[in-house]
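Letter by letter, the chains look like this.
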Amino acid sequence: MTSWVEGAAGSPFDLDNLPYGVFSRGGDAPRVGVRIGDHVLDLAGVSDDGWWRAPSLNAFLAQGRGQWDASRARITDLLGDEAHRERTEPHLHPLAGVDLHLPIEVADYVDFYASEHHASNVGRMFRPDQEPLLPNWKHLPVGYHGRAGTVVVSGTDVVRPSGQRKAPTEDTPTFGPSRRLDIEAELGFVVGTPSTLGEPVPTGAFADHVFGVVGLNDWSARDVQAWEYVPLGPFLGKSFATSISAWVTPLAALDAAWTDLPGQQDPPVLDYLRVDGPAGLDIEVEVVLDGEVVARPPYRTMYWSPAQMLAHTTANGASLRTGDLYGSGTISGPEKDQRGSLLELSWGGQEPFTLAGRERTFLEDGDEVVLRYSAPGTGGGRIALGEVTGRVAPAR
Ligand code: CA
């Protein structure tokens, strides 16, 4: 089944995708829309449900899986059946004529470290005298609590952060603009249904709680990070900005993307982290720097699954809230051109790569980063997730 909307049929945003976002036109009130082709459908125009009139997806996300499925079925019908065209078409707007906003009011934000290849690469660079992976890494999905209030929508400029940094060759720290500003290409998971304080969420309840996914760029100041992170983990080297896509792709659109984890988890995980069946996602990522693809990280190579990250987050009884966001951690595959950070692509700055005829390592002012994502769709073609863009503005 394809959509009657012009340009949608066969595109990466056909009926088998239907991501949600928040948009406005000409400065009017932001409200919820669904993307079809290069158009957005104003859901408040075709439905009386109050949650579409809200300035974030949260009210809709809080309705739970039953309503998510019912709404998707209804929207599929509206955009797929010619019988609804006449009354639906006036509420379609070209994307070029709308402003897109942060789609969710972010509750808590957690970021993981789920790629074995990324964690091993960083371990080799940051702790060259030790085993690349620390002893806990294969027993639990390592993560940290990030800053929800600095999650920004794709298209937002990122001001180069200043901070305290001390290179190993320097005796004392200095304060100033980061010299090693970086990206991390990640996937983000958006929680819809909350959970009860004191009650862990098992891996099998992943789809009851998680509504969908976003593209995510975890901007990172490597010099600040390297100096501050021992012993309590990332802090100011990460908290200045995290960009997410303007579109939230529902899990329902990813039914064909589930795949096995890259191998048997060894050592075997504790019971609360066990997963059955395909627990990984076959999502392709492209990292584009100033118009050139510099890496193609494959999400299917991730060691820890999204369901395991959710179960671990709540294993101590910590509860989930609508709008919780958790990132996968940098997606890096085994190959050099599959690395999802400039830290890895330039090997700590020691092995510059060539871009537009120049040698490059970390981000320069004016650089534009675009993260693109695609996955197998349920219709046999491919769907795209919302892209994540951001330009580096000079330090203030
Ligand atoms: Ca990260």
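Residues numbered from 1 in each chain as written. Predicted model: local features only at pLDDT ≥ 70, side-chain atom pairs only at ≥ 80, totals over all residues. Heavy atoms only, no water.

### Describing the overall build of the protein
A tally of regular secondary structure across the protein gives nine helices and 27 strands. For the protein, the C-alpha radius of gyration of 21 Å lies close to 21 Å, the compact-globule estimate for 396 residues. Seen along its three principal axes, the alpha-carbon backbone of the protein occupies a region of about 70 × 50 × 35 Å. For the protein, the share of sequence-separated contacts (at least 6 apart) that also reach a separation of at least 24 residues comes to 71%. For the protein, the computed accessible surface area is about 16700 Å², with 50% contributed by carbon and sulfur atoms. Across the protein, the mean location of the 32 positive side-chain charges is 4 Å away from that of the 53 negative side-chain charges. (Helix = DSSP H or I, 4+ residues; strand = E, 2+ residues; numbered from the N terminus. Rg over C-alpha atoms; globule rule 2.2 N^0.38 Å. Contact = heavy atoms within 4.5 Å. Areas by Shrake-Rupley, 256 points an atom, 1.4 Å probe, with all protein chains shown as cover. Lys, Arg positive; Asp, Glu negative; His and termini not counted. Charge placed at Lys NZ, Arg CZ, Asp CG, Glu CD.)

### A short note on the side chain of H118
Secondary-structure assignment places H118 in helix α5 (residues 116-126). A residue is classified by how much of its surface remains accessible, and H118, at 2% relative accessible area, is buried. Sequence-distant contacts of H118, defined by excluding residues within four places in its chain, comprise Y113, E184, T330, S332, S341 and E344. (Buried < 20%, exposed > 50% of the residue type's maximum accessible area, 1.4 Å probe, protein only.)

### Let's talk about the sheet that holds strand β5 (residues 99-101)
The antiparallel open sheet is built from five strands, whose spatial order is β4-β3-β2-β1-β5. Taken across any chain shown, the strands that pair with only one partner, and hence form the sheet edges, are β4 (92-94) and β5. Across the sheet, the mean angle from the axis of one strand to that of its neighbour is 45 degrees, orientation sign disregarded. As defined by bridge partners, strand β3 (residues 39-42) adjoins β4 across three bridges and the pair is classed as antiparallel. Following the sheet pairing, H39 is matched in β4 by P94. (Pairing = 2+ DSSP bridges. Axes fitted to C-alpha atoms, helices over the stretch in contact; angles between N-to-C directions.)

### Description of the domain arrangement of the protein
The assigned domain composition of the protein is domain 1 (20-101) and domain 2 (109-393). Between the C-alpha centres of domain 1 and domain 2 there is a distance of 29 Å. Every contact between the two is made by 19 residues of domain 1 and, on the other side, 19 residues of domain 2. When residues of domain 1 are sorted by the area they lose upon contact with domain 2, Y20, L61 and R65 head the list and together hold 37% of the total. The interface formed by domain 1 and domain 2 contains three residue pairs in polar contact (both at pLDDT 80 or more). Breaking the side of domain 1 that touches domain 2 down by element, the ones donating at least two residues are β1 (20-24), β2 (31-36), α2 (58-61), α3 (65-80) and β5. Tallied by class, residues from the side of domain 1 that touches domain 2 come to 11 nonpolar, five polar and three charged. (Domains from an automatic or database assignment. Buried area = accessible area lost by both parts, 1.4 Å probe. Polar contact = N/O pair within 3.5 Å; in protein donor to acceptor, adjacent residues only side chain to side chain. Nonpolar A, V, L, I, M, F, W, Y, C, P; charged D, E, K, R; others polar.)

### Considering the nonpolar core
Counting 55 residues, the largest nonpolar core has L187, F189, Y299, Y326 and L363 as the members making the most contacts within it. With near-sequence residues (within four places) excluded, Y326 lies in contact with V110, F112, L187, G188, F189, V191, F206, V210, P306, M309 and L310. Of all hydrophobic cores here, the second largest spans 36 residues; its members include A8, L79, L92 and V214. (Core = buried A, V, L, I, M, F, W, Y, C linked by side-chain atoms within 4.5 Å.)

### Quick word on the pairing of strand β27 (residues 388-393)
Within β27, five of the six residues are buried, which leaves it mostly tucked inside the rest of the structure. Bridge count between strand β25 (residues 368-376) and β27: four bridges; the pairing is antiparallel. By the bridge assignment, E368 is partnered in β27 with R391.

### Overview of the layout of surface pockets
Reported here for the largest pocket is a volume of approximately 1000 Å³. Of all the elements in the fold, those that place two or more residues in the lining of the largest pocket are β6 (109-112), α5, β7 (143-145), β13 (185-191), α7 (222-228), α8 (306-313) and β22 (325-327). In this structure, the second largest pocket occupies an estimated 560 Å³ of space. Contributing to the lining of the second largest pocket are 19 residues, with K166, A167, P168, R180 and A226 lying nearest its centre. Secondary-structure elements contributing two or more residues to the lining of the second largest pocket are α5 and α7. The element that contributes the greatest number of residues to the lining of the second largest pocket is α7, accounting for four residues. (1 Å grid on protein atoms, 1.4 Å probe; cavity = no way out; pocket = protein on both sides within 12 Å on 5 of 7 lines; lining within 4 Å. Points joined across faces, edges and corners; volume = space filled by probe spheres on them.)

### A few points about the coordination of the calcium ion
Note on the calcium ion: its protein donors are D111 (OD), E184 (OE), E186 (OE) and D218 (OD). The metal-donor distances range over 2.2 to 2.3 Å. Coordination of the calcium ion draws on donor residues from a single chain, spaced D-x72-E-x1-E-x31-D in sequence. Linking E186 in strand β13 with D218 in the loop between β14 (210-217) and β15 (220-221), this pair joins segments that are 32 residues apart in sequence. There is no split in this pair, since E186 and D218 are both buried. (Donors = N, O, S within 2.8 Å, 3.2 Å for Na, K, Ca; no water.)

### Topic: the pattern of salt bridges
For the coordinates displayed, the defined rule picks out 25 salt bridges. Between D77 and R74 there is a salt bridge, and its shortest N-O distance comes to 3.6 Å. A residue pair is termed a helical-turn pair when its members lie 3 or 4 positions apart in one helix, as D77 and R74 do in helix α3 at three residues. The class for D77 is partly exposed, based on a relative accessible area of 28%. Exposure remark for R74: the relative accessible area of 37% places this residue in the partly exposed category. Across the salt bridge formed by D367 and R360, the nearest N and O atoms sit 2.5 Å from each other. Across the pair, exposure class does not vary: D367 and R360 are buried alike. Three or more residues are tied together by salt bridges with common partners; here these are D182, E184, D218, R222 and K238. (Salt bridge = Lys/Arg side-chain N within 4 Å of Asp/Glu carboxyl O.)

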